[in-house]
Amino acid sequence: MRPVKARLIALAASLLVSISTALPIAAQVGDVVGHVRGGESFEPLFGANVLVTSLRDPSYRVTRLADRSGRFRIENLPEGRYEIRASYVGYTTFVIDAVEVTKGITVNVDLWLEVEPLVVSAVVISASRREEKVLDAPAAIHVLDGERVRARPVLTPADHLQAVPSVDVVRTGLTQSNVVLRGFNNVFSGTTLLLVDNRIARVPSLRYNAWNLLPTTNEDLERLEMVSGPGSALYGPNCANGVVHAITRPPIDSEGTTLSIAGGDRSTALASVRHAGKHTERVGWKVTAHWLTGEDFSHVDPVEKGLREGEIADGADPDTLKIGARDEDVEKIGFEGRLDARVSHKVWVVLNGGFSRLDSIELTGLGAAQVKNWSTAYGQARLNWRDLFLQTYVNRSDAGDTYNLRTGLDFVDRSTLVVGQAQHQWSPSPRRALVYGVDALLTRPETDATINGRNEEDDDINEIGAYVQAETYLTDRWSVVAAARIDDHNRLDDPVFSPRAAVVFGPTSDHKLRATYNRAYSTPTSNNLFLDLVTERDLGDLGAAMGMEGYDLWAKGVPEGGFHFRRDGDGGLDGLYMQVPLALGGAESTQVGATALGPHDHVPASAHLVWQGAVKLLLEQSQGRIDLTHTLSPGNLPGEGIGTVLRALNPSTGTFDPVSPDAVRDVGEMDPTITNTFEIGYKGAFGKSFSATIDVHYDRINDFIGPLRVETPNVFFDPTDPELAGYLATAGVPADSIPIVIDALARIPVGTVTPDGNDDPADPILTYRNFGSIDLTGIDVGCAWAVDPRWTIEASYSFTSRDVFRDVEGGLDVSLNAPRHKAGGTLRYVDADHGLDAGARLRFVDGFPVESGVFVGEIGYYVLLDLDASWRVPASPSTVLSVRVLNVLDDEHREFVGAPELGRVGILRLSHSF
């Protein structure tokens, strides 16, 4: 419809406010009634939201939903002037600025809404920490409207994000998922900041965005906002890739009760309730609760399996053994409550809290964990007074009876995050706006030494920061944004500075171009700094073929001063030194070659020095079939010419991968990861039916903290060395037995190249490190086309220049853990007259390499078809039947190494509001 026609209709609606005679009533109140219609056919918009706000006191607000005929009625409004605002998914918001309500009079209004893609007119807060339109935001931002979100049955809010450009959603089970923006995924990824109602919602010390632990119900979501790219200038640390903000519905504006029940594949069942009420128009409350159960997809971890079989062979009771004891039943409960008090139009107080508890299987950098009774709780208080915002909250995590499936060891986490924040907005003129504030984040891990081990008494983290952002409209078309933030971290030597700059040009009100620069940082996590635990006990249980008897696998954070490897002219292979396990002669006062060792001593990294221990172990492992004890006399020992090689344990496969001596490098103290991003972008609307977004970004990442990886290679005899075969022949080993003996010897790790001061002699170490500089370029494209009032087509595509970074430092490779290419397309049909909303989405995700802790491997590409639909029951307009099917064609695929193969999941939900 042409703009002129739209303005005429809006003018007519406001001029044709007709006053019908009504019987006088005693109170000083009146009523407002009317209809909400949309599109060129003026069809009734069933379920449209009508908001009436007092112009004298904006804190006085009343909402109603239009019935099947589009009619609404609001009774007993105090006399005065009101703004009437109508909104409906897929349509413009219609506003009548001033309607006079008089005692005893019923005011009739007709509201008409134009068809429009949502991205054009949505108002957001996450890009600049203040309200602004999507088109005006100086960042790449996407919004999912609450009405459509609430209409889709999902198991977690993360399921809504799969169609958003730049968002990587990796499902690792029925309800488990990792969500990041623009790559750099991990099993415990924290590069994307997750907020719920301005509250950091991740697990405190682990910095893990556990979407399936959120107590928020789907029916309570007002909208989801995604801001791609660095956000540290406003939000502080650990949002280098962006911000995802879930905003819930204020109770005063959404009173009523909604009950939902759902069921589907894999024995899934879900029930939820939301009730919102108000004491007056100024005081409201809400409570929500939900319960979910289901059966997760099955998966066999070969390492778990081998460890379990070894323990049982050694006499462990299978009924009580925790190693490899997977329980694939999923269960979750969640509760939330909130109290709002709009003291006046200048003062708004919010008190809220929540609790959730979960049973499932979760991937960690140390293998899968059996989650039992893991709970989270929070309490939050917020105050808005004029342009001042104050809040404080406490997040608490308790891992319950969770244990590691590879070790059987308990996983204790009773961490706490305490946050205090203050922010103020000031507009010195209509063209200038300032936002400034301070944040304090206090993280208190508590693991009973099960995670932080010997570091348990010294693992507190304090972060304090201050920021300011200035936005200036130079002309009606040009605006500039400048921001800066400085943060202090008690575990880092220097404060961190994060600037931001943006120029926005709007040739028209419907088209905006921007160029931005952002500098963001991510601090080391509690695990990066303080981790100290055994991930696998006695690696010999993996099988004699590994030859790992006498070794444990440790995971450690990087201590103050880092890890340093001894290397000099007296060393072995390439000047390196090793420690020898007790089973191979590393006990106190034991001779290794000509050297007497203590338990913490290092010897040159030469395999021949441990010949005595290797021969004895080989005799034991072969049950006497390979007997080289005749070589142990002093004159028969092998010499220095016997070849040595290094191999590093691959915890994902239980095998050893060859490494170069050059790959053994010192691990420095943890530094923050700095991300510098240059970006150009476009957001625009062509008429009222087509919108498009294009974002091109270049990222330079310095001191990237990689996932856990083995930094201590093991020392082996070189099976290809002809001197080893010659020595065995000279020692009298039959020619046909020499290959067998060499193969057996070459499987035994005779030592470990470990750092100085290592308290766990010879044990391989998984740890973190800062890498050098990484560069990548990315493109995100999205568009939406409203073909007519009922049909909409959406498409998106994202590209990243690299999914693995080769030879970053010392020949090491770093994986993005996300695809280079992904694309999607959605076809949606909305028939407001019959209460029907249905859509089909096709998703393509390219294959990519994975290296995340103990999980290393490749993910193949996959193409999935998803369907969803919702229908308002004609006989009961407040009843909605909805269905959602992920992976309709049941294409079994894996989305992350260590996760199960996923098949079809269908959910049918029935909800009723009153």
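The structure under discussion appears in the preceding block.
Keep in mind that what you see is a predicted model, and the values were worked out from it rather than measured.

### Let's talk about the overall build of the chain
Now for step 1: Each helix and strand in the chain was counted, giving 9 helices and 57 strands.
Now for step 2: Counting only residues that meet the buried cut, the chain has 58% of its 914 residues in that class.
Now for step 3: Sequence separation of at least 24 residues holds for 66% of the intrachain contacts in the chain that already meet a minimum separation of 6.

### Let's talk about the environment of Leu 442
Now for step 1: The residue Leu 442 is located in strand β28 (residues 432-444) in this model.
Now for step 2: With 23 residues separating them in the primary sequence, Leu 442 and Val 419 have C-alpha atoms 6.4 Å apart.
Now for step 3: Sequence-distant contacts of Leu 442, that is, excluding residues within four places in its chain, are made with Thr 416, Leu 417, Val 418, Ile 461 and Asn 462.

### Quick word on empty space enclosed by the protein
Now for step 1: Applying the stated criterion across every chain, the model contains 16 cavities of 30 Å³ or more.
Now for step 2: By volume, the second largest cavity is sized at about 600 Å³.
Now for step 3: Lining the second largest cavity are 34 residues; nearest its centre among them are Asn 186, Phe 188, Thr 525, Asn 528 and Tyr 768.
Now for step 4: Contributions of two or more residues to the lining of the second largest cavity are made by α6 (526-530) and β41 (673-686).

### Comments concerning the pattern of salt bridges
Now for step 1: Applying the stated criterion across every chain yields a total of 46 salt bridges.
Now for step 2: Across the pair Arg 485 and Asp 487 runs a salt bridge whose closest N-O atoms are separated by 2.7 Å. For the pair Arg 485 and Asp 487, a shared accessibility class is recorded, and that class is buried.
Now for step 3: Salt bridges sharing partners connect three or more residues here, namely Arg 152, Arg 828, Asp 837 and Asp 868.

### What about the packing of helix α8 (residues 722-730) against helix α9 (residues 738-745)?
Now for step 1: Two elements in contact, α8 and α9, have axes separated by 10 Å at closest approach and are oriented at 120°. Comparing their axes, α9 and α8 come out oblique. Between α8 and α9 the crossing geometry is right-handed. Where α8 abuts α9, its residues Leu 724, Ala 725, Leu 728 and Ala 729 lie against Ile 738, Val 741 and Ile 742.

### Digging into a nonpolar patch on the surface
Now for step 1: A grouping of Ile 261, Trp 871, Leu 881, Leu 908 and Leu 910 is seen on the molecular surface, where their side chains present a nonpolar patch of about 440 Å² in accessible area.
Now for step 2: If you trace the backbone, Leu 908 turns up in strand β57 (residues 905-913).
Now for step 3: Leu 908 sits in the partly exposed class, given a relative accessible area of 46%.

### What to know about helix α7 (residues 611-621)
Now for step 1: Within the sequence span of α7, burial applies to Trp 611, Gln 612, Gly 613, Ala 614, Val 615, Leu 617 and Leu 618.
Now for step 2: As for α7, its buried residues are in contact with β44 (714-717), α8 and α9.
Now for step 3: Positive phi shows up at Gln 623, right after α7, with a value of about 55°.

### Side note on the packing of aromatic side chains
Now for step 1: Counted under the stated rule, the structure contains 11 aromatic pairs.
Now for step 2: Ring centres of Trp 791 and Tyr 829 lie 4.7 Å apart, and the angle between their planes is 55°; this geometry places the pair in the tilted category. Placement of the pair is Trp 791 in strand β48 (residues 791-800) and Tyr 829 in strand β51 (residues 821-831), with a sequence separation of 38 residues.
Now for step 3: By relative accessible area, which is 36% here, Trp 791 ends up partly exposed.
Now for step 4: An aromatic cluster is present here, built from Trp 611, Phe 717 and Tyr 727 joined pairwise through their rings.

### Here we look at the layout of surface pockets
Now for step 1: One number sums up the size of the second largest pocket: a volume of about 790 Å³.
Now for step 2: In terms of lining, the second largest pocket is formed by 34 residues, of which the most central are Leu 529, Val 558, Pro 559, Glu 560 and Gly 562.
Now for step 3: For the lining of the second largest pocket, the residue count by class is 15 nonpolar, 6 polar and 13 charged.

### Focus: the sheet that holds strand β8 (residues 94-101)
Now for step 1: In space, the 4 strands of this open sheet follow the order β5-β4-β7-β8, with antiparallel pairing throughout. Strands with a single pairing partner mark the edges of an open sheet, and in this sheet they are β5 (61-65) and β8. Recorded for the sheet is a direction-independent mean angle of 20° between the axes of neighbouring strands.
Now for step 2: Examined bridge by bridge, strand β7 (residues 80-87) and β8 share 6 bridges and lie antiparallel to one another. Its bridge partner lying in β8, Ile 84 is registered against Ile 96.

### What about the nonpolar core?
Now for step 1: Ranked by internal contacts, the top residues of the largest apolar core, which has 48 residues, are Trp 374 and Leu 766.
Now for step 2: For this core, the elements supplying multiple residues, two or more each, are β23 (347-364), β24 (367-385), α6, β34 (553-556), β39 (644-650), β53 (848-852) and β54 (855-859).
Now for step 3: In contact with Leu 766, other than residues within four places in its own chain, are Leu 366, Thr 535, Leu 553, Trp 554, Ala 555, Lys 556, Pro 651, Leu 708, Arg 709, Val 710 and Val 854.
Now for step 4: Counting 33 residues, the second-largest nonpolar core is a separate cluster that includes Leu 609, Ile 626, Leu 628 and Leu 728.

### Points about the pairing of strand β9 (residues 106-113)
Now for step 1: Of all the 8 residues making up β9, 6 are buried; the element is thus mostly covered by neighbouring parts of the structure.
Now for step 2: Sheet topology places strand β2 (residues 29-38) next to β9; 8 bridges connect them, and they run parallel. Residue pairing for β9: Val 32 is matched across the bridge by Val 107.

### Some details on the pairing of β41
Now for step 1: In terms of burial, β41 is largely enclosed, as 11 of its 14 residues are buried.
Now for step 2: One ladder, built from 12 bridges, connects strand β32 (residues 511-522) with β41; its direction is antiparallel. Note on β41: the bridge partner recorded for Tyr 521 is Ile 674.
Now for step 3: With antiparallel pairing between neighbouring strands as the criterion, β41 and strand β42 (residues 690-702) make up a hairpin whose turn holds 3 residues, including Gly 687 at a positive phi of roughly 70°.

So, how was this worked out
- Residues numbered from 1 in each chain as written.
- Predicted model: local features only at pLDDT ≥ 70, side-chain atom pairs only at ≥ 80, totals over all residues.
- Heavy atoms only, no water.
- Helix = DSSP H or I, 4+ residues; strand = E, 2+ residues; numbered from the N terminus.
- Buried < 20%, exposed > 50% of the residue type's maximum accessible area, 1.4 Å probe, protein only.
- Contact = heavy atoms within 4.5 Å.
- 1 Å grid on protein atoms, 1.4 Å probe; cavity = no way out; pocket = protein on both sides within 12 Å on 5 of 7 lines; lining within 4 Å.
- Points joined across faces, edges and corners; volume = space filled by probe spheres on them.
- Salt bridge = Lys/Arg side-chain N within 4 Å of Asp/Glu carboxyl O.
- Axes fitted to C-alpha atoms, helices over the stretch in contact; angles between N-to-C directions.
- Parallel < 35°, antiparallel > 145°, perpendicular 65-115°, else oblique.
- Left-handed = near helix turned anticlockwise from the far one by under 90°.
- Patch = residues over 30% accessible without salt bridge, like charges linked within 9 Å, V, L, I, M, F, W, Y side chains within 5 Å.
- Areas by Shrake-Rupley, 256 points an atom, 1.4 Å probe, with all protein chains shown as cover.
- Phe/Tyr/Trp six-rings, centres within 6.5 Å; stacked < 30°, edge-to-face > 60°.
- Nonpolar A, V, L, I, M, F, W, Y, C, P; charged D, E, K, R; others polar.
- Pairing = 2+ DSSP bridges.
- Core = buried A, V, L, I, M, F, W, Y, C linked by side-chain atoms within 4.5 Å.

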